[in-house]
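Inside the fold
Here is what each chain is made of, one letter per residue.
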Amino acid sequence: MKQVCIDLHSHSGYAGGVGDIRLADIVNTMSYKGIDVFGTGDCLYPTRTKELREELKYEENQLFSLNKGDRQRFLLQTEVIFTVQLEGYKQRIVAHHIIFFPSFETIEKMDKLMNSWKQKNTIGRPFIVCNSSKMLIERLFAIQAIDSMVEIIPAHIMTPDGLMGSKNMLSSMKEFYGDFLPHIHALETGLSADPAMLSQLEEVNTLAMLSFSDCHSAALNRIGREFTVLDCDDISYNSIINSIRQKRINYTVEFNPAEGRYFLTGHRAGKNGHQEDLYFLEEAPTDMICPVCKKKLMTGVRDRCKMLKQSGSPAQHFFHFIPLIDVLAHAKGVKSITSNKVQKLYKDIINKLGTETVIQIESDEYIYNKLRDICTLEEIKTILAVKNQHFTYNPPGFDGVYGKLEINKNSNIKEPDYAN
Ligand SMILES: [Zn+2]
Ligand SMILES: [Zn+2]
């Protein structure tokens, strides 16, 4: 048995949005963060496939490394967007998914399938457009038939582009997957939801909940900004997939959903002539019509969860988290994580601790004793406050506006007088 830290959803420059990301930078950041296995991103895009084939070395057990023998491993991964016209829905359902592949041979087979369906592979995150539920389900089965260890997972399930999000307004996963549903073993929580919120949903709570960064950059506050710790037999592709299928999730490390831009229902200032921000901390109007401008409100994820069938089962274990580099920028009162003093302190801390994940694993006393020579007391208190979940977003995010961070350095934290 092994604890394995995985971050299996990322994008390359080909997904749009940013320049290219060097694999060497990814490996570097993984080593600071303590991420063991990273999803390559965009592995179906031909130029990217070629790059990965050339640059990555086959290690063993269907995982890859940049330099033979590196501790940091890569797993072949892409995101695809399924769209389908379902009966009874005016708009097409749009649902982002991540797919894991055990080998380059299976990627070639996927490429052939996409060609046979006349689906273009010219962007990092390709579309698979289906005219009917029947076509969608046939295609899902065809992808699974490539290899029994291919894994298909609904991505950031509650965001507007996620399967159960407010754009789609599906009432159940079964409506989308039909007979394929038993092949769905897991979901990605995404930045906008955590296991506590998702455990309220009856159908969703039967699945393993995974959390990944969905990053488009190798920066210290992007890779591993969310990740999952699996209970695995060893570090291999099959063990990772089997742990996911058997729900052997030790815990996930999550953004606090209240930070997300669509947590609460509301309208931001400036929208439809709103003079000031409007958001509903308690109950949103049941008809979701704005009492001020009379237009449809932007439904927040919290309220979207309340609309779905409720379960009441306990949540999978998780922590809320802020990347250490962001915590240090906050502690030093600077906006940019590229600030020299923030970068230097980060590197000093990693020199002492080994990796960032050690903060989550070890005791407050251990962290204090390791850092007392290189950090101020205020800085240590800030790090421990985040570790112990003493932070909130006030107000929370809504209608495209991020939540505003407050770290409560003095709440419930023992004064670190445990120095000896
Ligand atoms: Zn996506
Ligand atoms: Zn309004």
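Treat the numbers as computed from the prediction; the structure is a model and nothing was measured.

For the rest of this paragraph, the subject is the coordination of the zinc ion (ligand 2). Here the zinc ion (ligand 2) is held by the protein donor atoms His267 (ND1), His274 (NE2), Cys290 (SG) and Cys293 (SG), which lie 1.9 to 2.3 Å from it. Donor residues for the zinc ion (ligand 2), ordered by position in the chain, follow H-x6-H-x15-C-x2-C. Linking histidine 267 in strand S13 (residues 266-267) with cysteine 290 in the loop between strand S14 (278-279) and helix H8 (301-307), this pair joins segments that are 23 residues apart in sequence. Grouping residues by exposure puts histidine 267 and cysteine 290 together as buried.

With that settled, consider the packing of aromatic side chains. What characterises a pair of aromatic rings is the spacing of the ring centres plus the angle enclosed by the ring planes. Inspection of every chain in the model, using the stated rule, returns 11 aromatic pairs. Where phenylalanine 141 meets phenylalanine 180, the ring centres are 5.1 Å apart and the plane angle is 90°; that geometry is what we call edge-to-face. Note that phenylalanine 141 is positioned in helix H4 (residues 133-146) and phenylalanine 180 in the loop between helix H5 (173-177) and strand S9 (186-188), a separation of 39 residues in sequence. For phenylalanine 141, a relative accessible area of 33% translates into the label partly exposed. By relative accessible area, phenylalanine 180 is classed as buried at 0%. The rings of Tyr58, Phe64 and Phe104 are connected pair by pair, giving a single aromatic cluster.

Tracing the sequence through the fold places serine 10 in the loop between strand S1 (2-7) and helix H1 (23-33). You can call serine 10 buried: its relative accessible area is 2%. Polar side-chain contacts of serine 10 include one of 2.8 Å to the backbone oxygen of glycine 39. Excluding anything up to four places from it in sequence, serine 10 contacts Phe38, Gly39, Thr40, Gly41, Asp42, Gln77, Asp214 and Cys215.

Before going further, it helps to examine the pattern of salt bridges. Tallying each qualifying case throughout the model produces 22 salt bridges. One salt bridge in this structure joins aspartate 36 and arginine 71, with 2.5 Å as the shortest N-O distance. With a gap of 35 residues between them, aspartate 36 in the loop between H1 and strand S2 (37-39) and arginine 71 in the loop between strand S4 (63-65) and strand S5 (73-84) connect regions that are remote in the sequence. Residue aspartate 36 is classed as buried on the basis of its relative accessible area, which comes to 5%. Judged by relative accessible area, arginine 71 falls into the exposed class, the value being 60%. What you see here is one network of salt bridges that share partners, running through Glu283, Arg302, Asp303 and Lys306.

Parameters at a glance
Residues numbered from 1 in each chain as written. Chains lettered and ligands numbered in written order. Predicted model: local features only at pLDDT ≥ 70, side-chain atom pairs only at ≥ 80, totals over all residues. Heavy atoms only, no water. Donors = N, O, S within 2.8 Å, 3.2 Å for Na, K, Ca; no water. Helix = DSSP H or I, 4+ residues; strand = E, 2+ residues; numbered from the N terminus. Buried < 20%, exposed > 50% of the residue type's maximum accessible area, 1.4 Å probe, protein only. Phe/Tyr/Trp six-rings, centres within 6.5 Å; stacked < 30°, edge-to-face > 60°. Polar contact = N/O pair within 3.5 Å; in protein donor to acceptor, adjacent residues only side chain to side chain. Contact = heavy atoms within 4.5 Å. Salt bridge = Lys/Arg side-chain N within 4 Å of Asp/Glu carboxyl O.

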